[in-house]
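For reference, the chains in residue letters:
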Amino acid sequence: MAIVVVIAGTWIGYQQVADSECSGAVNLTVTASPEIAPAVDNVAKQWSAAGAEVDGTCIQVTVAEEVSSTIAGAVSRDHQVQLVGLDTAPDAVQVPDVWIPDSSAWLMRLQQEAAGFLPSKVTSVAQSPLVLAAPEPIAKKMGWPDKKIGWTELVANFGADEPISVGIMDPTVDASGLTSLVAMNQATGTASAAALQAKTRALTAVSQNKFKLREELLAKFPKSAADLVNPDSVAIAPLSEEDVVAYNAERPAVQLSAIYLEPSPAPLDYPYTIMPQVVDQQKSAAADGLLKQLAESSAKDALAAVGLRAPDGTYGAAFNAPMGAPQASPAVTASATKSADGGAAAGGVTGAELSQVVGSWIAITKPGQTLTVFDVSGSMADPVPTAGGKTRAQVTQAAASVGLSLFSNKWSVGVWRFSTRLKGKQPWEQLVPIKSLATSRQEVQDSIGRLDPTNGGTGLYDTILDAYNHVKSNYAQGKANSVILFTDGENQNADGMTRPQLLAALKKAQDPKTPIRLVLIAVGPDVNLDELKEISSVVKGSGVFPAEDPTKITGIFAQAIGSRTGVS
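About the criteria used
- Residues numbered from 1 in each chain as written.
- Predicted model: local features only at pLDDT ≥ 70, side-chain atom pairs only at ≥ 80, totals over all residues.
- Heavy atoms only, no water.
- Helix = DSSP H or I, 4+ residues; strand = E, 2+ residues; numbered from the N terminus.
- Rg over C-alpha atoms; globule rule 2.2 N^0.38 Å.
- Buried < 20%, exposed > 50% of the residue type's maximum accessible area, 1.4 Å probe, protein only.
- Pairing = 2+ DSSP bridges.
- Contact = heavy atoms within 4.5 Å.
- Axes fitted to C-alpha atoms, helices over the stretch in contact; angles between N-to-C directions.
- Phe/Tyr/Trp six-rings, centres within 6.5 Å; stacked < 30°, edge-to-face > 60°.

Peer 1: Would you mind going over the overall build of the protein in detail, with residue names and values included?
Peer 2: A tally of regular secondary structure across the protein gives 18 helices and 19 strands. Computed over C-alpha atoms, the radius of gyration of the protein comes to 26 Å, within 12% of the 24 Å expected from 2.2 N^0.38 for 568 residues, which places it in the range of a compact globule. Over its C-alpha atoms, taken along the principal directions, the protein stretches across nearly 85 × 65 × 45 Å. Looking at the protein as a whole, 56% of its 568 residues are labelled buried.

Structural data, given as C-alpha cells:
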C-alpha cells in the first residue's frame, strides 16, 4: 500500500509494504502518557516491521512514556512561561517530535500562556471517560448500577451532615482532576450566592484529599471490608475509566466500580500532537504516517488491551469493560485547541474557562497574599449597559464581594482605592492594610462599600509603583504575592510620574528573591490596553485581563488568579 503526502509543494511518499527496501533513517521521537504508551509502541513496531518508510528512507520510531505534566513543564520552560501550580521541567527533559498527553486540557492551558505554541497538527487518537471510582459496596449504597448519578448529587454530598470522603487528583498537575472541577463548576453554576457557597464548600472539601500522584490516591481506597469504615480512606474519586480497569486488573479484594455520570463530562482525549519544531518534510510525513496507523482497526485493539477506547467511544476486542460500562461513550468533540492546520483536539471548554477553574482552586486551597487596588476615578460612575443601569463602580464592588468569598482564610488581603489627590498629591488611599482573612474578612468586606467614585482623574502610574513596593516591603515567604488592580481608563495625573519613569522604576524594584505578580484587570471598553500591556510586560509573571463587559468581572477575576499572562 503506498500513501503519498503533499507537504509544502513537495511529493513525499511513505510506504507500508513488507518487501520494501529502505535505507537510512528518519528518527521520530514520541512521548506519550504512560497508560497509552504501550499501545502506541506496539502500533509503531508493527508499522516498522511492515516496512514503514518515507520516500525510500526507513522510519525509526522511539516511543517513551512520561506523565503529561512533565512534558507540559518542558514546553512552558521552552516558551519562557509557567502554568499556575506547575513547575517547569529540568533541562534534561526534552520536548519530543510528537506528544500524546492524556488530555487536550494541557494544550489549552499552554496556549493560554504561550500564544506562540502552535502544534502543526492535533488529533485525538483515544479516549477514556471520566467516571466516579468507588469501591463496589459503597457504589451499591449510592444506588449503583440502577440509579443514575450526576455531578449535582456529588456536589450536594458536601452539604450533608456526614459527607462521603471524596478524593481528587490535584487539578494544577492532573487532567482528570481539572476536568472534574470543570464538571463540578458547571453543576453548581455561578449565578447566585448559594451556588458560589456550594462551589466553595465542594472545593474546600475535596482539597482535603488531593493527591499529586495517582498511585497515592489509589492506595487510599479500601483494601478490605474493614477498611470501608476507615475514616482515613477515600470512598469515591473522579478518575478515568482506564484507571478503574487498571486497578481491577490487579484483582484487589475490594474491586472498584465505575459510575458513569450524567451529563458525561469531557473525556481524557489523548491528542496526537505534532509539535511546532517538526518542520523537516520527511519527519512531518513520518509523523502523519504514524497517526494514520493509530487510526487503523488494529490500533483499536491495541488501545483496548491497555483499557482505552477509540476516539468515537467504541472499544476493541480486548477491552475489559467495567460493570455498567456503555458500549460506546460519547465521541470526542472539538475544543478550542489551536493547531497550524486549523484542526482541534477534544474538550468542550476554552483555555480561559480552565484558567477560571484553576483560579478558583488556587484561591480556595492555596495560601496567598494580595493587595487589591480599585479605581474610583470619575469615569467609574458611568453606567454599564448590560447591568441594568448600575455603574462600573457598583458592578466592580459586587464582583469584589464575590471574589472575596473565594479566598480562604489562608490568604492575607489588603485594600486600596485610587484616583488623583486622595491624600494631598498622593493618588491612592489605604482602606485596609494587608491582613489575614482569618481575622479581617469582615473589615475587608466592609471596605468594598467605600469604593464609590470621586470626581478625580486616574493616578495609575504612581499607584501601581507604590502598590508593588508596598507588597514587596510586606513580602510573605511561602505564599504567592501579588497586586490585583482594577481600572477603567488610562493614566491622567498631572502630579505624577511619566510612563518611562514607571517602567524604569518597576524594572529596578524587581527582585528574584521576592517575586510579585502584577494583575491588571481592565474594566469596560475605554481602557488603554496598550498602556497596561506595556506596564505588565516589565514585571515577570504578570498579565492584563480585559473585562470589556464589566458584568463578567467575577469570571475574569478567577481567570486572572489561574493564569499568568493575560492578553498578548
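Moving on from the coordinates now.
Peer 1: Any details on the pairing of strand 7 (residues 121-124)? Residues and values, ideally.
Peer 2: Covered by surrounding structure in strand 7 are Val-122 and Ser-124 only, the residues Lys-121 and Thr-123 on the alternate face being uncovered. The pairing of strand 7 with strand 13 (residues 271-274) spans four bridges and is classified as antiparallel. Paired with Val-122 across the bridge in strand 13 is Thr-273.

Peer 1: Explain the sheet that holds strand 13 residue by residue, including any values.
Peer 2: One open sheet accounts for six strands, arranged 4-5-3-6-13-7; its pairing is mixed. Single-partner strands in this sheet number two, and they are strand 4 (53-54) and strand 7. Together, strand 3 (23-32), strand 4, strand 5 (57-65), strand 6 (98-100), strand 7 and strand 13 form the strand contacts of helix 10 (residues 281-294), whose direction differs from that of strand 3 by roughly 60 degrees.

Peer 1: Lay out the packing of aromatic side chains in plain terms, naming residues and giving numbers.
Peer 2: Remark: the centre distance and the inter-plane angle together describe each pair of aromatic rings, the angle taken between the planes. Counted under the stated rule, the structure contains seven aromatic pairs. Here the aromatic rings of Phe-221 and Tyr-247 are separated by 6.2 Å at their centres, their planes lie at 70 degrees, and the arrangement is edge-to-face. Pair noted here: Phe-221 is in the loop between helix 8 (214-219) and strand 11 (237-240) and Tyr-247 is in helix 9 (residues 241-249), with a separation of 26 residues, a long-range link. The exposure classification of Phe-221 matches that of Tyr-247, with both residues buried. Ring centres of Phe-374 and Phe-486 lie 4.9 Å apart, and the angle between their planes is 5 degrees; on these two criteria the pair is classed as stacked. Here Phe-486 lies in strand 17 (residues 480-487) and Phe-374 lies in strand 14 (residues 368-375), a separation of 112 residues in the sequence. Each member of the pair, Phe-374 together with Phe-486, is buried. One aromatic cluster is present, formed by Phe-374, Phe-407, Trp-411, Phe-486 and Phe-557 through successive ring pairs.

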